[in-house]
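Read off the chains here:
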Amino acid sequence: MPVLSLTADQLLTTTRTVRKRLDFSRPVEPEVIRECLEIALQAPSASNRQAWHFVVVTEAHKRRALGDLYRQSFALYRARPSSAEKLFADDPSRSARQKRVMDSAAYLAAHLHEAPVLLIPCLQGRVEGLSIRAQASAWGSILPAIWSFMLAARARGLGTAWTTLHL
């Protein structure tokens, strides 16, 4: 897959969470995912430990199961009184934008299983009970790798969606 000729500024300003515009019918070659992962592995991490890994999910039944879990989490999230859908209720311009965001999030929840590839970033071990410093180190180490993967995918014309409800 060819790399787009984007400047660094263009790449950084056009890499967004894509929900409604994901092309679920477009196959993604394993070597493209491998290239993006190799780039992600170059991201900085605390003490150069890389105490994380990625799980690549391509099997339809596993994507469907993950999509089911994500939909369940989304339904719980949306039902909360403090969900993002209710943010900025007192500000009409921001409220309208937030409604569009929630509509796109609902769309992703309904269609996540259709994505040809799901990439699950995983920390090694658990962070509950760790000191704030250790938790910050863990999250601060994996997030640059995830962002690097997303930028590499964007440079190859692929859309990505940052999700957290599955956590």
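None of the values given here were measured: they were computed from a predicted structure. (Residues numbered from 1 in each chain as written. Predicted model: local features only at pLDDT ≥ 70, side-chain atom pairs only at ≥ 80, totals over all residues. Heavy atoms only, no water.)

Caption draft 1: Up close: the overall build of the chain. In terms of regular secondary structure, the chain is built from 5 helices and 2 strands. Helices and strands appear in the chain in the N-to-C order α-α-β-α-α-β-α. Expected size for 167 residues packed as a compact globule is a radius of gyration near 15 Å; at 17 Å, the chain falls within 12% of this value. By principal-axis analysis of the C-alpha atoms, the chain measures approximately 45 × 40 × 40 Å. Across the 167 residues of the chain, 31% fall into the buried class. Total accessible area computed for the chain in this model is approximately 10400 Å², and 57% of it derives from carbon and sulfur atoms. Counting 22 positive and 14 negative side-chain charges, the chain places the averaged centre of each group 4 Å from the other. (Helix = DSSP H or I, 4+ residues; strand = E, 2+ residues; numbered from the N terminus. Rg over C-alpha atoms; globule rule 2.2 N^0.38 Å. Buried < 20%, exposed > 50% of the residue type's maximum accessible area, 1.4 Å probe, protein only. Areas by Shrake-Rupley, 256 points an atom, 1.4 Å probe, with all protein chains shown as cover. Lys, Arg positive; Asp, Glu negative; His and termini not counted. Charge placed at Lys NZ, Arg CZ, Asp CG, Glu CD.)

Caption draft 2: How the structure looks around the nonpolar core. Counting residues in hydrophobic clusters, the biggest one holds 21 residues, and the most contacted among them are I33, C36, W52, F54, L123 and F149. Going through the elements one at a time, α2 (30–40), β1 (52–57) and α5 (132–155) are the ones with two or more residues in this core. Core analysis: the next-biggest nonpolar cluster, separate from the first, contains 14 residues, L22, A109, L112 and A115 among them. (Core = buried A, V, L, I, M, F, W, Y, C linked by side-chain atoms within 4.5 Å.)

Caption draft 3: Expanded view of a nonpolar patch on the surface. A cluster of nonpolar side chains, namely L12, W139, L143, W147, W162 and L167, defines an oily patch on the protein surface of about 580 Å² accessible area. At 3 residues, α5 tops the list of elements feeding residues into the nonpolar patch. Locating W147 in the fold gives a position in helix α5. (Patch = residues over 30% accessible without salt bridge, like charges linked within 9 Å, V, L, I, M, F, W, Y side chains within 5 Å. Salt bridge = Lys/Arg side-chain N within 4 Å of Asp/Glu carboxyl O.)

Caption draft 4: Representation of the packing of α2 against α5. In contact at an axis separation of 8 Å, α2 and α5 are set at 140 degrees when each is read in the N-to-C sense. Judged by the inter-axis angle, α2 sits oblique to α5. Considering how the two elements wind past one another, α2 and α5 form a crossing that is right-handed. Here I33, C36, L37, I39 and A40 of α2 come into contact with α5, specifically with A145, S148, F149, A152 and A153. Looking at the contact of α2 with α5 residue by residue, the class counts come to 9 nonpolar, 1 polar and no charged. (Axes fitted to C-alpha atoms, helices over the stretch in contact; angles between N-to-C directions. Parallel < 35°, antiparallel > 145°, perpendicular 65-115°, else oblique. Left-handed = near helix turned anticlockwise from the far one by under 90°. Contact = heavy atoms within 4.5 Å. Nonpolar A, V, L, I, M, F, W, Y, C, P; charged D, E, K, R; others polar.)

Caption draft 5: Quick peek at the side chain of R63. On the secondary structure map, R63 appears in helix α3 (residues 60–79). There is no salt bridge for the buried R63, and the closest opposite charge comes from E59, which lies 6.8 Å off by N-O distance. A distance of 2.6 Å separates a polar atom in the side chain of R63 from the backbone oxygen of A115. Ignoring anything within four residues of it in the chain, the contact list for R63 reads V57, T58, H113, E114, A115, P116, V117 and L118. (Polar contact = N/O pair within 3.5 Å; in protein donor to acceptor, adjacent residues only side chain to side chain.)

Caption draft 6: Main features of the environment of W147. Here W147 falls in the partly exposed class, since its relative accessible area comes to 31%. Spatially, the C-alpha atoms of W147 and A40 are 7.7 Å apart, while their sequence positions differ by 107 residues. With residues up to four places along the chain from it excluded, the contact list for W147 reads L12, T15 and W162.

Caption draft 7: Quick peek at the packing of α3 against helix α4 (residues 92–111). Contact geometry of α3 with α4 gives a least axis separation of 8 Å together with a crossing angle of 150 degrees. As far as their axial angle goes, α4 and α3 are roughly antiparallel. Taking contact as the criterion, the partners of G67, Y70, R71, F74, Y77 and R78 in α3 are, on α4, M102, D103, A105, A106, L108, A109 and A110. Residue composition of the contact of α3 with α4, grouped by class: 9 nonpolar, 1 polar and 3 charged.

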